[in-house]
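What follows is each chain in one-letter form.
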Amino acid sequence: MPAASIASTMDETTPLENMLAQMERAQEYAQVDPGIFERLKYPERTLKVTLPVRMDDGSVEVFTGYRCQFDSARGPYKGGIRYHPSVTMEEVTALAGWMTWKTALVDLPYGGAKGGVICEVKEMSTDELRRMTRRYTEGIRRMIGPHMDVPAPDMNTNPEVMAWIMDTYSMYEGYSIPQVVTGKPLSLGGTPGRVEATGRGVAMITRKVFDYLEEDLHEATIAIQGFGNVGNWAARLLVEMGANVVAVSDVTGARYDPDGLDLGSLLAFSEGGGTMEGYPDAEFISNEALLELDVDVLIPAAVADVITTDNVDDVRASVIVEAANGPTTTSADDALIERDVPVVPDILANAGGVIVSYLEWVQNTQEYSWTLSQVNADLERRLTGSFDEVVDAYHRHETPDLRTAAYTIALRRVATAHELRGLFP
Ligand SMILES: NC(=O)C1=CN([C@@H]2O[C@H](COP(=O)(O)OP(=O)(O)OC[C@H]3O[C@@H](n4cnc5c(N)ncnc54)[C@H](O)[C@@H]3O)[C@@H](O)[C@H]2O)C=CC1
Ligand SMILES: O=C(O)CCC(=O)C(=O)O
């Protein structure tokens, strides 16, 4: 389905419509060829797969999965796989689009893709998840490959799931192909630093935006929505940098302590299967209340569309760093621009994950491994360099916000690749 017709059937806060609106806003400054711009509103292809899975009780459940390949002008498609009940073809399309702008912005030789399966991981056993993952991999295996499309983790997927994907793909090809997927366990060709890379990047970018604003991160108060892979690593590393993490949440709610949370205890509790609701210390507040706390930095690190016209006037943070994909709607962006609240956009703030995925893929391709300090140094160089480029574009083009500056860079890079390849005679 063409992106424009998907968008016209949905209300204004859907991720796909937001992504298209973000592109439109940047085109005013990027001024790429109108024909190419029109092309870039549409994904190249999306595959929908049906996944029959034998459940532990002997019944068969049929799951639906997608892989959307948005653009490949700059290189193989790249992007994570999400397991979540709210996955839709439209959401996967928006996420694949965001991957396209993200890889271009941080100048990786990739295009953008995203996959997802509609499922509730909490209600499935490990065996059921493995069978579903193998089915999904079989379903999409003709469109992925180390030089074609390289999946990675996203919400509710992890190194174990990546190992199953790698194994299933390799079985069909007849030999081991670790570089078909990134975010693998270390003993299967994963790289040191990938698990924490997205959270580390979020922390690095938060420090960078504080330097840019000439503010001190030391003792700055931080609220983080989402305490999964990205949120919990961002929290730990920000505390290491001297910041004061005062609130974190998961899907059940948030814990808040204005003097700073005991992260060690929260991590141990959640690693043992506990939820925020069940955590015994600190004040329990809702996810909505977390977004409205009077803090220096708000880091949405869970789902899309959480800062909207409904709550943006109550968001009191001085800076927003988008660790999740698509947490702010375009109308909320307008209000934040009006109030001069800096928003570091997702395609920059959470790019640490795909940068280290690239480093994993490079190591696999070269059959050579790097140390953690080499990986982290390369991540920091790329990410902070991209931040500087975005700030430079913001001032040079006088864009309304950092997001538009980031998109201006990304759109131009992707459009140049299309032009050079002669895709538009
Ligand atoms: N894992 C990665 O490397 C990357 C992830 N991201 C984005 O970061 C975000 C989080 O991803 P992960 O940490 O990997 O996922 P995860 O599955 O490890 O953790 C997600 C967290 O969000 C919470 N959550 C789920 N639904 C929620 C809701 N409706 N309201 C509040 N909290 C909710 C969960 O309880 C959990 O704490 C997603 O938007 C993802 O697309 C972006 C770049 C890379
Ligand atoms: O590591 C990757 O390849 C992609 C991670 C991802 O899905 C994202 O950045 O949203």
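Structure report, in brief. Keep in mind that this is a model prediction, so the values were computed, not measured.

**Digging into the overall build of the protein chain**
Turning to step 1, where the next piece is worked out: In terms of regular secondary structure, the protein chain is built from 15 helices and twelve strands.
Turning to step 2, where the next piece is worked out: Taking 2.2 N^0.38 as the reference for a compact globule, 425 residues should give roughly 22 Å; the C-alpha atoms of the protein chain span a radius of gyration of 20 Å, in line with that estimate.
Turning to step 3, where the next piece is worked out: Projected onto its principal axes, the C-alpha coordinates of the protein chain cover approximately 55 × 55 × 45 Å.
Turning to step 4, where the next piece is worked out: Evaluated residue by residue, the protein chain yields a buried proportion of 59% over its 425 residues.
Turning to step 5, where the next piece is worked out: Taking all contacts inside the protein chain whose residues are at least 6 apart in sequence as the whole, residues at least 24 apart take part in 68%.
Turning to step 6, where the next piece is worked out: Of the roughly 16,700 Å² that the protein chain leaves accessible, carbon and sulfur atoms contribute 48%.
Turning to step 7, where the next piece is worked out: Side-chain charges of the protein chain comprise 35 positive and 64 negative groups, with the mean position of each set lying 9 Å from the other.

**Topic: the packing of helix α7 (residues 194–212) against helix α8 (residues 229–240)**
Turning to step 1, where the next piece is worked out: In the contact formed by α7 and α8, the axes pass within 7 Å of each other and the chain directions differ by 50 degrees. By the angle class used here, α7 and α8 are oblique. By crossing handedness, the relation of α7 to α8 is classed as right-handed. Side by side, α7 and α8 meet where V195, E196, T198, G199, R200, V202, A203 and T206 of the first sit next to N229, V230, W233, A234, L237 and L238 of the second.
Turning to step 2, where the next piece is worked out: Looking at the contact of α7 with α8 residue by residue, the classes come out as eight nonpolar, four polar and two charged.

**As for the site of ligand 1**
Turning to step 1, where the next piece is worked out: The environment of ligand 1 is made up of 22 residues, and the closest members are R82, D154, T198, A302 and N325.
Turning to step 2, where the next piece is worked out: Here an oxygen atom of ligand 1 sits 3.0 Å away from a polar atom, N or O, in the main chain of F227.
Turning to step 3, where the next piece is worked out: Elements that contribute at least two residues to the shell around ligand 1 include exactly α7 and α8.
Turning to step 4, where the next piece is worked out: A per-class count over the shell around ligand 1 returns nine nonpolar, nine polar and four charged.
Turning to step 5, where the next piece is worked out: Mapped onto the domain boundaries, the shell around ligand 1 takes at least three residues apiece from domain 1 (42–180) and domain 2 (197–328).

**Section: the packing of α7 against helix α14 (residues 372–397)**
Packed helices, taken two at a time, are described by their axes: the angle between them and the distance between them.
Turning to step 1, where the next piece is worked out: Running from N to C, α7 and α14 cross one another at 45 degrees; their axes reach a closest spacing of 10 Å. By the angle class used here, α7 and α14 are oblique. The way α7 lies across α14 gives a crossing that is right-handed. On α14, the residues touching E196, A197, R200, G201, M204, I205, R207, K208, V209 and Y212 of α7 are L372, N376, L379, E380, L383, T384, F387, D388, V391, Y394 and H395.

**Overview of the pattern of salt bridges**
Turning to step 1, where the next piece is worked out: Throughout the structure, instances matching the rule amount to 25 salt bridges.
Turning to step 2, where the next piece is worked out: Between K41 and E38 there is a salt bridge; the shortest N-O distance is 3.0 Å.
Turning to step 3, where the next piece is worked out: A residue is classified by how much of its surface remains accessible, and E38, at 35% relative accessible area, is partly exposed.
Turning to step 4, where the next piece is worked out: Of the charged contacts, one joins R207 and E380 as a salt bridge, the two residues approaching to 3.4 Å between their closest N and O atoms. Here R207, found in helix α7, pairs with E380, found in helix α14; they are 173 residues apart in sequence, far enough to count as distant.
Turning to step 5, where the next piece is worked out: The class of R207 is partly exposed, set by a relative accessible area of 33%.

About the thresholds
- Residues numbered from 1 in each chain as written.
- Chains lettered and ligands numbered in written order.
- Predicted model: local features only at pLDDT ≥ 70, side-chain atom pairs only at ≥ 80, totals over all residues.
- Heavy atoms only, no water.
- Helix = DSSP H or I, 4+ residues; strand = E, 2+ residues; numbered from the N terminus.
- Rg over C-alpha atoms; globule rule 2.2 N^0.38 Å.
- Buried < 20%, exposed > 50% of the residue type's maximum accessible area, 1.4 Å probe, protein only.
- Contact = heavy atoms within 4.5 Å.
- Areas by Shrake-Rupley, 256 points an atom, 1.4 Å probe, with all protein chains shown as cover.
- Lys, Arg positive; Asp, Glu negative; His and termini not counted.
- Charge placed at Lys NZ, Arg CZ, Asp CG, Glu CD.
- Axes fitted to C-alpha atoms, helices over the stretch in contact; angles between N-to-C directions.
- Parallel < 35°, antiparallel > 145°, perpendicular 65-115°, else oblique.
- Left-handed = near helix turned anticlockwise from the far one by under 90°.
- Nonpolar A, V, L, I, M, F, W, Y, C, P; charged D, E, K, R; others polar.
- Near = heavy atom within 4 Å.
- Polar contact = N/O pair within 3.5 Å; in protein donor to acceptor, adjacent residues only side chain to side chain.
- Domains from an automatic or database assignment.
- Salt bridge = Lys/Arg side-chain N within 4 Å of Asp/Glu carboxyl O.

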